[in-house]
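# Results of the structural survey
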Amino acid sequence: MGVDLLFSLTRLSSLALLSLVFVLTTGLVISKVARQSWARYAQGREEAYKAMILGAIAREPGTPLNQAPGRRFGDRMIIGEFLLRWAQDLNGYGLRRLCEIFEQEGYADAELRRLQSLRWWKRARAARRLGVMRCAKAVPALVAALEDRSLDVRLQVAWSLGRLGQVE
């Protein structure tokens, strides 16, 4: 093997490595900017929905959540996260109404489907969310999930079932 060939291979491998570093760095920067943009967007949309959700808590049980006329991309996910965040700080009537809205709008059904995911972290997250929202209709699925092969999922399921035991 000649010195020129060795030098060329070394130079090519260095350029390939440098290109890989550039692509990964660019990807990380784009990812960070996208996450920050989404956080700003979600915060603005939360403000738009806050009055609507507070009004739904004050109305009679069984009244559907009025959807804002200017629905945009991601609003369903933003509302679900908003309900979950508020449920962690509420007790009594307010919590009961939030839980009813969570079930009524189909968020509980979506979490029950996620409880069957192939990925353990999605199953664990779904179990935790069902416990935070004290979703009584999830009890059979949560009891079945106590047999999950992932310890993290089983721990989240046990925590959720404990929370469901405290339903007023």
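Our structure is the block above this text.
Let us look at the structure shown here. (Residues numbered from 1 in each chain as written. Predicted model: local features only at pLDDT ≥ 70, side-chain atom pairs only at ≥ 80, totals over all residues. Heavy atoms only, no water.)

## Focus: the overall build of the protein
The criterion, for reference: For the purposes of this entry, the term helix denotes a DSSP run of H or I that reaches at least four residues, the term strand denotes a run of E that reaches at least two, and both are numbered from the N terminus. Radius of gyration: C-alpha atoms only; globule rule: 2.2 Å multiplied by the number of residues to the exponent 0.38. Exposure categories follow from relative accessible area, calculated using a 1.4 Å probe and restricted to protein chains: below 20% of the type maximum is buried, above 50% is exposed, and the middle band is partly exposed. Whether two residues touch is decided by their heavy atoms; if any such pair falls within 4.5 Å, the residues are in contact. Note that accessible areas follow from Shrake-Rupley with a 1.4 Å probe, and for residues the cover is restricted to the protein chains shown.
What the protein contains, in helices and strands, is seven helices and zero strands. The order of α-helices and β-strands along the protein, N terminus first, is α-α-α-α-α-α-α. A globule of 168 residues ought to have a C-alpha radius of gyration of about 15 Å, yet the protein, at 23 Å, is considerably larger. The dimensions of the protein, computed from C-alpha atoms along their principal axes, are 85 × 45 × 20 Å. Buried residues in the protein amount to 33% of all 168 residues. Long-range contacts, defined here as pairs at least 24 residues apart, represent 69% of the contacts in the protein between residues at least 6 apart. About 10,800 Å² of surface is accessible on the protein, with carbon and sulfur atoms providing 62% of the total.

## Examining a nonpolar patch on the surface
Rule in force here: In this analysis, a patch consists of residues with relative accessible area above 30% that form no salt bridge, clustered at 9 Å for like charges and at 5 Å for the nonpolar side chains Val, Leu, Ile, Met, Phe, Trp and Tyr. Salt bridges, as used here, are contacts in which a Lys or Arg side-chain nitrogen is within 4 Å of a carboxyl oxygen on Asp or Glu.
Side chains of Leu17, Leu20, Val21 and Leu24 sit close together on the surface and give an oily, nonpolar patch of about 380 Å² of accessible area. As for its placement among the helices and strands, Leu17 is situated in helix H1 (residues 3-58). Residue Leu17 is classed as exposed on the basis of its relative accessible area, which comes to 54%.

## Side note on helix H5 (residues 120-132)
Inclusion rule: Given the number of residues in a helix, its expected span is that number minus one, multiplied by 1.5 Å.
With 13 residues, H5 extends 18 Å from end C-alpha to end C-alpha; this agrees with the ideal 18 Å at 1.5 Å per step. What H5 keeps buried is the set Arg123, Ala124, Ala126, Ala127, Arg129, Leu130, Gly131 and Val132.

## Here we look at the pattern of salt bridges
Summed over all chains, the structure comprises ten salt bridges. Its salt-bridge partner being Lys137, residue Asp109 comes within 2.7 Å of it at the nearest N-O pair. With Asp109 in helix H4 (residues 107-114) and Lys137 in the loop between H5 and helix H6 (139-145), the pair connects residues that are 28 residues apart, well separated along the chain. Of the charged contacts in the structure, one is a salt bridge between Arg114 and Glu111, with a shortest N-O distance of 2.8 Å. A residue pair is termed a helical-turn pair when its members lie 3 or 4 positions apart in one helix, as Arg114 and Glu111 do in helix H4 at three residues. Overall, Arg114 belongs to the partly exposed group, its relative accessible area being 39%. Connected through salt bridges with shared partners, the residues Glu81, Glu111, Arg114, Arg125 and Arg129 form a single ionic network.

## Describing helix H2 (residues 75-87)
Along its 13 residues, H2 runs 18 Å from first to last C-alpha, staying within 8% of the 18 Å computed at 1.5 Å per residue. Every buried residue belonging to H2 is among Asp75, Ile78, Ile79, Gly80, Phe82, Leu83, Leu84 and Ala87, and all of these are buried. Taken together, the buried residues of H2 touch H1, helix H3 (92-104), H4 and H5.

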